[in-house]
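Structure at a glance
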Amino acid sequence: MYIFIDTISPAATLIIFDNKKIISKKTFDILWKEYDKFLDTLLGFLEENNISVDELNWIAVINWPGWFTWTRIISLTVNALSFTKNIKIDSFSYFDFLEKSWEFYPMLIKANKGEYLIKNSQELEPQLILTNDIESWKYTWIWNILDFENKQISIEWSRNYEKFIANYSFNWELKRMEPYYIKKPNIS
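Residues numbered from 1 in each chain as written. Predicted model: local features only at pLDDT ≥ 70, side-chain atom pairs only at ≥ 80, totals over all residues. Heavy atoms only, no water.

This part covers unusual backbone geometry. Only a minority of non-glycine residues have a phi that is not negative, and only a minority of peptide bonds are not trans. Going from Tyr-105 to Pro-106, the amide bond is cis rather than trans, its omega being -5 degrees. Mapped onto the elements, Pro-106 comes out in the loop between helix H3 (94–100) and strand E6 (107–110). Unlike most non-glycine residues, Lys-20 shows phi in positive territory, near 60 degrees. Within the element layout of this structure, Lys-20 appears in the loop between strand E2 (12–18) and strand E3 (21–28). For Lys-20, a relative accessible area of 39% gives the class partly exposed. Of note in this structure, Asn-50 is not a glycine but carries a positive phi near 55 degrees. Tracing the chain through its elements places Asn-50 in the loop between helix H1 (34–48) and strand E4 (58–64). Here Asn-50 falls in the exposed class, since its relative accessible area comes to 69%. (Helix = DSSP H or I, 4+ residues; strand = E, 2+ residues; numbered from the N terminus. Buried < 20%, exposed > 50% of the residue type's maximum accessible area, 1.4 Å probe, protein only.)

What follows is the structure, given as structure tokens:
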């Protein structure tokens with residue numbers, strides 16, 4: 001069995017899938033509650049589907065971009081499961097998720113209070129841009145619509161897990177999920 005984890009979207013989702021086909025899906029609220037609820041929600045979802053952690057072969061996780069606490073909690077939990085149960089991991093960015101779901105460019109993802117990441121094509125790396133410098137256009141987007149309330153910006157947010165799972169070439173070679181930070185935190 002494989003499990004797919006998306007805790008970056010405004011509505012988090014867990015998916016059990018096998019042979020590129022979705023078996024079960026659960027949407028839940030986790031934002032700012034990762035530490036308190038993530039592991040219990042994950043284990044509860046498996047239990048609801050009569051699956052034990054020992055039956056998991058692979059964990060697929062949208063790993064980036066994410067909030068600082070999210071990045072640490074989710075990666076620590078996934079790595080602990082991987083280490084203790086010898087489960088392979090694949091982690092990928094939200095941009096990878098949108099691209100394999102056949103969404104359109106340009107794509108915007110909120111990076112912090114005053115900046116977004118913008119990706120204009122598959123070939124280009126995402127770039128940080130000030131929210132005020134985002135040009136009027138139609139974007140595939142994730143997060144705060146209020147940032148654009150006084151602009152001529154059209155935004156569309158959609159998630160197509162079925163398309164992603166069907167189109168993504170999973171890389172089950174990771175032994176550890178590395179947190180990816182948009183800007184490295186300065187922890188002392």
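Next comes the rest of the write-up.
If you trace the backbone, Ser-75 turns up in helix H2 (residues 68–85). Here the side chain of Ser-75 touches Arg-72 through a polar contact of 3.3 Å, landing on its backbone oxygen. In this structure, Ser-75 is in contact with Trp-70, Met-177 and Pro-179, ignoring residues within four places of it in sequence. (Polar contact = N/O pair within 3.5 Å; in protein donor to acceptor, adjacent residues only side chain to side chain. Contact = heavy atoms within 4.5 Å.)

Going residue by residue along E6, you find Met-107 and Ile-109 tucked away on one face and Leu-108 and Lys-110 tucked away on the opposite face as well. Pairing analysis gives four bridges linking E6 to strand E7 (residues 115–119), with the strands arranged antiparallel. The residue bridging Lys-110 from the neighbouring strand is Tyr-116, located in E7. What sits between E6 and E7 in their antiparallel hairpin is a turn of four residues. (Pairing = 2+ DSSP bridges.)

We now examine the pattern of salt bridges. Inspection of the entire model under this criterion finds five salt bridges. Residue Glu-162 is joined to Lys-25 by a salt bridge in which the shortest nitrogen-to-oxygen separation is 3.6 Å. Residue Glu-162 is found in helix H4 (residues 161–167), and its partner Lys-25 is found in strand E3; the two are separated by 137 residues along the sequence. On the basis of relative accessible area, Glu-162 is assigned to the partly exposed category, the value being 42%. Owing to a relative accessible area of 41%, Lys-25 belongs among the partly exposed residues under this scheme. In this structure, Lys-119 and Glu-99 form a salt bridge, with 2.8 Å as the shortest nitrogen-oxygen distance. Taken together, the residues Lys-119 in strand E7 and Glu-99 in helix H3 connect sequence positions 20 residues apart. Residue Lys-119 shares its accessibility class with Glu-99, and that shared class is buried. (Salt bridge = Lys/Arg side-chain N within 4 Å of Asp/Glu carboxyl O.)

Let us now look at the sheet that holds E2. Pairing between the strands of a sheet is mediated by backbone hydrogen bonds and can be parallel or antiparallel. Taken together, the five strands give an open sheet; going across it, the order is E3-E2-E1-E4-E5, and neighbouring strands pair in mixed fashion. Each having just a single partner strand, E3 and strand E5 (88–93) make up the two edges of the open sheet. Geometrically, the sheet is characterised by an average inter-axis angle of 20 degrees between neighbouring strands, direction not taken into account. Bridging between E2 and E3 involves seven bridges; their strand directions are antiparallel. In the sheet register, Leu-14 faces E3, and the bridge partner there is Lys-26. (Axes fitted to C-alpha atoms, helices over the stretch in contact; angles between N-to-C directions.)

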